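Structural overview for review
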Amino acid sequence: MDDGSSPEFCLICALVEMTWDDPDRARSVVREVRAEDIADGGCRSTFRIIDDVLSSVEAPKAPDFTRHELWPDAVDCVSAAIRASTAAGKATFSIGVHRYLRLTKESAVRRRVEGAAADLKALASSRGVSSVELVQAADAVKEAALCVQSGNVPKTLCDAIEEFLHHDKTPTVQTGFMPVDRICGGGLPVGGLTVLAAP
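No experiment lies behind these values; they were computed from the predicted model shown.

Cut-offs and rules
One numbering rule holds for all chains: residues counted from 1, following each sequence as written. Local features are withheld for residues below a pLDDT of 70 in this predicted model, meaning they are given only at 70 or higher, and side-chain atom pairs are given and counted only at 80 or more; totals for whole chains, interfaces and linings count all residues. Computation of side-chain values: all heavy atoms of the structure, hydrogens and water removed. Think of it this way: any DSSP run of H or I at least four residues long counts as a helix, any run of E at least two long counts as a strand, and we number them from the N terminus. The working definition used for a salt bridge is a side-chain nitrogen of Lys or Arg within 4 Å of a carboxyl oxygen of Asp or Glu. Nine residue types can take part in a nonpolar core, namely buried Ala, Val, Leu, Ile, Met, Phe, Trp, Tyr and Cys, and a core is a set of them joined through side-chain atoms within 4.5 Å. Note on classification: 1.4 Å probe, protein chains only; a residue is buried when its accessible area is under 20% of the maximum for its type, exposed when over 50%, partly exposed between these limits. Note on contacts: a residue pair qualifies if any of its non-hydrogen atoms lie within 4.5 Å across the two residues. Stacked, edge-to-face and tilted labels apply to pairs of Phe, Tyr and Trp rings (six-membered ring for Trp) whose centres lie within 6.5 Å, assigned for plane angles under 30 degrees, over 60, and everything in between, in that order. Axis lines are fitted through C-alpha atoms, for helices just across the contact stretch, and the angle between N-to-C directions can take any value from 0 to 180 degrees. Between 65 and 115 degrees an angle is taken as roughly perpendicular, under 35 as roughly parallel, over 145 as roughly antiparallel, and anywhere else as oblique. Three classes are used: nonpolar for Ala, Val, Leu, Ile, Met, Phe, Trp, Tyr, Cys and Pro, charged for Asp, Glu, Lys and Arg, and polar for all others, with Gly counted as polar. Helix span, expected: 1.5 Å multiplied by one less than the number of residues in the helix. As a per-residue measure, pLDDT tells how confident the predictor is, with possible values from 0 to 100. Each crossing is labelled by how the near helix is turned from the far one, with a counterclockwise turn of less than a right angle marking it left-handed and a clockwise turn marking it right-handed.

Thoughts on the overall build of the protein
Across its full length, the protein carries 10 helices and 2 strands. Traced from its N-terminal end to its C-terminal end, the protein shows the element sequence α-α-α-α-α-α-α-α-α-β-α-β.

Below, the structure is given as structure tokens:
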């Protein structure tokens, strides 16, 4: 199972939080990602359960998850997500859901491109390969490459905070408000100006 720090796991934590508190928001996020985009098996099974439950139940409850046929594959991931969300504070992960979603999708595209390129390389180096097979493999690489997003991607607040934290290791002061402390690396930076805004 995931070690708890990957964007995939954080996306699952956010979806678990939103499934109980804001199922409509969770549904909108689930529509933006495919189960195949999630590499970790436990996270993928959990995503499939969340997707199925949100598609069939208006106001999901815990038994809707535990009755699902994939529950045995997902129980560890769901338990870890609930523990992480509880420890971090209410709605901590859902604040960064769009960032986790983007990072999960970017990682999936990278894996797809790398896999298609590796297949093409292996095919090209093998003997007796027809030109049709090479063209099909090249088309797979081209198709995967078309999924790569180019240009500037709008940054989320979480992206800006992470960039700032990596740029300057400034001492921080804890606010006591766990969602802010968590995304700010332990608290607000000393000597800095931080503005929090919500839509």
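Topic: the pattern of salt bridges
Opposite charge on two side chains makes pairing possible when the charged atoms of those side chains draw close. Considering all chains together, one arrives at 7 salt bridges under this definition. For Glu-8, the salt bridge is made with Arg-111, and the minimal N-O distance between the two is 3.9 Å. In this pair, Glu-8 sits in helix α1 (residues 7-21) while Arg-111 sits in helix α7 (residues 97-125), placing the two residues 103 residues apart along the sequence.

Some thoughts on the nonpolar core
Within the largest apolar cluster, 34 residues are counted, with the highest numbers of intra-cluster contacts made by Leu-15 and Phe-47. Those elements that provide at least two residues to this core are α1, α2 (23-30), α3 (41-56), α5 (71-88) and α7. The element contributing the most residues to this core is α1, with 9 residues. Apart from the residues lying within four places of it in its own chain, the contact partners of Phe-47 are Ile-12, Leu-15, Val-30, Val-33, Arg-34, Ala-35 and Ile-38.

Overview of the packing of aromatic side chains
Evaluated as defined, the whole model comprises 2 aromatic pairs. Summarising the aromatic geometry, the rings of Phe-93 and Tyr-100 are spaced 6.5 Å apart at their centres and angled 50° between planes, so their arrangement reads as tilted. On the accessibility criterion, Tyr-100 (7% relative accessible area) is buried.

Quick look at the packing of α1 against α5
As a packed pair, α1 and α5 sit with axes 9 Å apart at the nearest point and diverge in direction by 75°. Relative to α5, the element α1 lies roughly perpendicular. Taking contact as the criterion, the partners of Phe-9, Ile-12, Cys-13, Val-16 and Glu-17 in α1 are, on α5, Cys-77, Ala-80, Ala-81, Ile-82, Ala-84 and Ser-85. Looking at the contact of α1 with α5, its residues break down into 9 nonpolar, 1 polar and 1 charged.

A closer look at the side chain of Ser-45
Structurally, Ser-45 can be placed in helix α3. Every residue in contact with Ser-45, bar those within four places of it in the chain, is listed here: Leu-70, Asp-73 and Ala-74.

Some details on α5
Relative to the 26 Å expected for 18 residues at 1.5 Å per residue, α5 spans 24 Å between its end C-alpha atoms, a close match to the ideal helical length. All of the buried residues in α5 are Trp-71, Ala-74, Cys-77, Val-78, Ala-80, Ala-81, Ser-85 and Ala-88. Residues of α5 that are buried in the fold lie against α1, α3, α4 (62-66), α6 (92-95) and α10 (178-183).

Re α7
Its 29 residues give α7 an end-to-end C-alpha distance of 42 Å, which sits within 8% of 42 Å, the value for a rise of 1.5 Å per residue. Those residues of α7 not exposed but buried are Val-97, Arg-99, Tyr-100, Leu-101, Arg-102, Thr-104, Ala-108, Val-109 and Ala-116.

Some words on the environment of Thr-86
As for its position among the elements, Thr-86 is in helix α5. Distance from Thr-86 to Cys-13, taken between C-alpha atoms, is 9.9 Å for residues 73 residues apart in sequence.

Here's the deal with the confidence of the model for the protein
The share of residues in the protein with pLDDT of 70 or more is 83%, and the mean pLDDT across the chain is 81. Highest mean pLDDT in the protein belongs to α3 (93); lowest belongs to helix α9 (residues 157-167) (66).

Concerning the packing of α1 against α7
Here α1 crosses α7 at 140°, and the two axes come no closer than 8 Å. By the angle class used here, α1 and α7 are oblique. The handedness of the crossing between α1 and α7 is left-handed. Contact residues: α1 offers Pro-7, Glu-8, Cys-10, Leu-11, Ala-14 and Met-18, while α7 offers Val-97, Tyr-100, Leu-101, Leu-103, Thr-104 and Arg-111. For the contact of α1 with α7, the per-class residue count stands at 9 nonpolar, 1 polar and 2 charged.

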